Amino acid sequence: MKPAHLRRLGGAAAVAVAAGLLAAPTAGAAETGLRVTGTTASPRPGNVSEGVVTDACDATTAPGWIGRTTDGPTLRATVASDTAGTLSARFSVRDLTADGAAVFSAVREASAWSKEATTLVPGLVDGHGYAWNARALQGHKISAASPDCHFKVDLTSAQPTVSSPDFPPLGSGQTPGKYAGETAAFVISGTDPAPAGGGEASGLACYRYAFNDSLLMSGGCDSGASVKPGPGGTVTLNVKVRDWGTNVLYVKAVDNAGNSSFHTGYHFYAPSDPRPKDLGVLR
């Protein structure tokens, strides 16, 4: 029967573990002239709210978050040797949320030019934290392991909701309390729930918004068209509604792993202001 940590992984991940373990050379002691000179993950782990990007390759730095990717994150290791010859790297990943269980191992040949080896890591679990390292390989020689690097994974987007005390939702039958051209309040709320199977969520970082054109929600949390959530994930956006008639406020939630939600559209009607305009005194 396969070991428990291999049974948890399906398909490509289990094959990669097995291939890495079988392909790795063995040595009684680490080769001093063979070494790993750099390790990093891609996309880079970080925390959007704090503006931090880190691989956390020590015991004190808080791990950053990696969001959704197509095939899993890419791990990169740069290797070196005092002797000529083909170099490879052996990557090892442990799930710290699952008591440090080994969940991935693979050997990848390094580029002859850059001396960098890369590997995709599929099958990581939403909300879990991971540690990984690499060893340099050359023939039957193997280096000491690089320091452990760390990251956490958030594969689920936060979800926003929108309401307004001034402009009720279209079709509600309620009368708007303000007119087009006036500043109105829009209450944006959201949640970034932890995965049902356990683990952590990265938390809300910001809401991006745009009126009447969802394509205008460009830029990150530091753009002008974004607002940071308050306690409990709620914030009040006070903005002038310029156009009379039917309007849509589009909102996206962005979490600290960089995941963006699908946009939510809040449809409302802003009546034209019937009050006389002050045209000034004619001279």
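About the thresholds
- Residues numbered from 1 in each chain as written.
- Predicted model: local features only at pLDDT ≥ 70, side-chain atom pairs only at ≥ 80, totals over all residues.
- Heavy atoms only, no water.
- Disulfide = S-S within 2.5 Å.
- Helix = DSSP H or I, 4+ residues; strand = E, 2+ residues; numbered from the N terminus.
- Buried < 20%, exposed > 50% of the residue type's maximum accessible area, 1.4 Å probe, protein only.
- 1 Å grid on protein atoms, 1.4 Å probe; cavity = no way out; pocket = protein on both sides within 12 Å on 5 of 7 lines; lining within 4 Å.
- Points joined across faces, edges and corners; volume = space filled by probe spheres on them.
- Nonpolar A, V, L, I, M, F, W, Y, C, P; charged D, E, K, R; others polar.
- Core = buried A, V, L, I, M, F, W, Y, C linked by side-chain atoms within 4.5 Å.
- Contact = heavy atoms within 4.5 Å.

A.B. asks: Go over the state of the cysteines with me, naming the residues and quoting the values.
C.D. replies: Taken as a whole and judged by the stated rule, the model has two disulfides. Between the sulfur of C206 and that of C221 lies a disulfide, 2.0 Å long from S to S. Every disulfide takes its handedness from the sign of the S-S torsion; for C206 and C221 that torsion is -75°, giving left-handed. Note that C206 is positioned in strand β14 (residues 204-211) and C221 in the loop between β14 and β15 (226-227), a separation of 15 residues in sequence. When sorted by exposure, C206 lands in the same class as C221, which is buried.

A.B. asks: Kindly report on the layout of surface pockets, identifying the contributing residues and their values.
C.D. replies: Counted as a void, the largest pocket has a volume near 210 Å³. In this structure, the largest pocket is lined by 16 residues; those nearest its centre are R44, V48, N256, A257 and G258. The set of elements that each furnish at least two residues to the lining of the largest pocket consists of β2 (46-47), β3 (52-53) and β4 (64-66). Considering only residue class, the lining of the largest pocket consists of seven nonpolar, seven polar and two charged.

A.B. asks: So what about the nonpolar core? Which residues, and what values?
C.D. replies: Ranked by size, the top nonpolar core spans 24 residues in total, and within it L75, F91, V93, Y130, W132 and F151 carry the most contacts. Sorting the residues of this core by element identifies β1 (34-42), β5 (74-81), β6 (88-95), β7 (101-109), β9 (129-138) and β11 (149-153) as the ones contributing at least two each. Among the elements that make up this core, the one with the highest residue count is β9 (four residues). Setting aside residues up to four positions removed in sequence, Y130 forms contacts with V93, R94, D95, L96, V103, L124, V125, C149, H150, F151 and V153.

By themselves these figures say nothing about function.
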